[in-house]
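Tertiary structure, described
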Amino acid sequence: MIGFDSEKLQETLLDLQRSQERENQLRIENAAILEGVSAMAGANNKRQVFNSLLEVLRKFIAFDNAIVLTRDDEASDLHVLMSTVTTLDFSHWQVGSTFNRCINGECIALYSPKDIEEFKNKSSDLLDICNSSLITGVKISSGDAMIILMSTEKGHFTSSCRRVLNRFRPLLERAIIDIDYRERLQSLVTARTQELTHKPTTF
């Protein structure tokens, strides 16, 4: 009987320790989210917003490159909103079943992206730096958005990475909305400037 009670006590202590570790991890992650929101609020441009997001994510998930994709409606391809690889800034991505799942809220780790429909028509330059990826999406007022974290290492992203990225979805949503807003505002300013520049003067 004493041995049984001792085992139960050990199990209870282990459960308590795990619970405390989870609570501590959540506190750390919540502090990082607040820090990220604060950094974004003080950002002067969309690149600073993007970098603030990546800085927070890198504290918990190791990755080499990242791409944010958006689209205005379900019939459109995704286009690159922000990227750590400048050569990818103007590429378009078709939406297949995997991306659809991500857009609808799943967080998916790909261990061989080149075998997935959405990556099959991508350049060898991209596939060389993307031997594994972690992807999730969010719905924003202007349409759909996704982030792709990439690693040159095969099988890099674990279930723990997926859990963390899911936890950071509110921060991801905030960052993408901010970047998208700044992008649209800049486009409006540019269009208006061109309009005024080419408008004939009347006397």
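This section reports on the structure supplied with the text. (Residues numbered from 1 in each chain as written. Predicted model: local features only at pLDDT ≥ 70, side-chain atom pairs only at ≥ 80, totals over all residues. Heavy atoms only, no water.)

In terms of regular secondary structure, the protein chain is built from six helices and six strands. Looking at the protein chain residue by residue over its 203 residues, the buried ones come to 39%. Excluding contacts between residues fewer than 6 apart, the proportion of contacts in the protein chain whose partners are at least 24 apart in sequence is 61%. A total of about 11900 Å² of accessible surface is found on the protein chain, and carbon and sulfur atoms cover 52% of it. (Helix = DSSP H or I, 4+ residues; strand = E, 2+ residues; numbered from the N terminus. Buried < 20%, exposed > 50% of the residue type's maximum accessible area, 1.4 Å probe, protein only. Contact = heavy atoms within 4.5 Å. Areas by Shrake-Rupley, 256 points an atom, 1.4 Å probe, with all protein chains shown as cover.)

Moving on, we come to the sheet that holds strand E4 (residues 107-110). Within a sheet, neighbouring strands are paired by backbone hydrogen bonds and run either parallel or antiparallel to one another. On the basis of which strands lie adjacent, the open sheet formed by six strands has the order E3-E2-E1-E6-E5-E4 and antiparallel pairing. If you trace the sheet from one side to the other, it starts and ends with strand E3 (92-93) and E4, each paired once. Two elements, strand E1 (residues 65-71) and strand E6 (residues 143-151), share seven bridges in a ladder whose sense is antiparallel. For Thr-70, the partnering residue across the bridge sits in E6 and is Ala-145. With respect to the sheet, helix H2 (residues 46-58) is in contact with E1, strand E2 (78-83) and E6, its orientation differing from that of E2 by roughly 80°. Docked against the sheet, helix H5 (residues 159-167) engages E4, strand E5 (132-140) and E6, running at close to 20° with respect to E5. (Pairing = 2+ DSSP bridges. Axes fitted to C-alpha atoms, helices over the stretch in contact; angles between N-to-C directions.)

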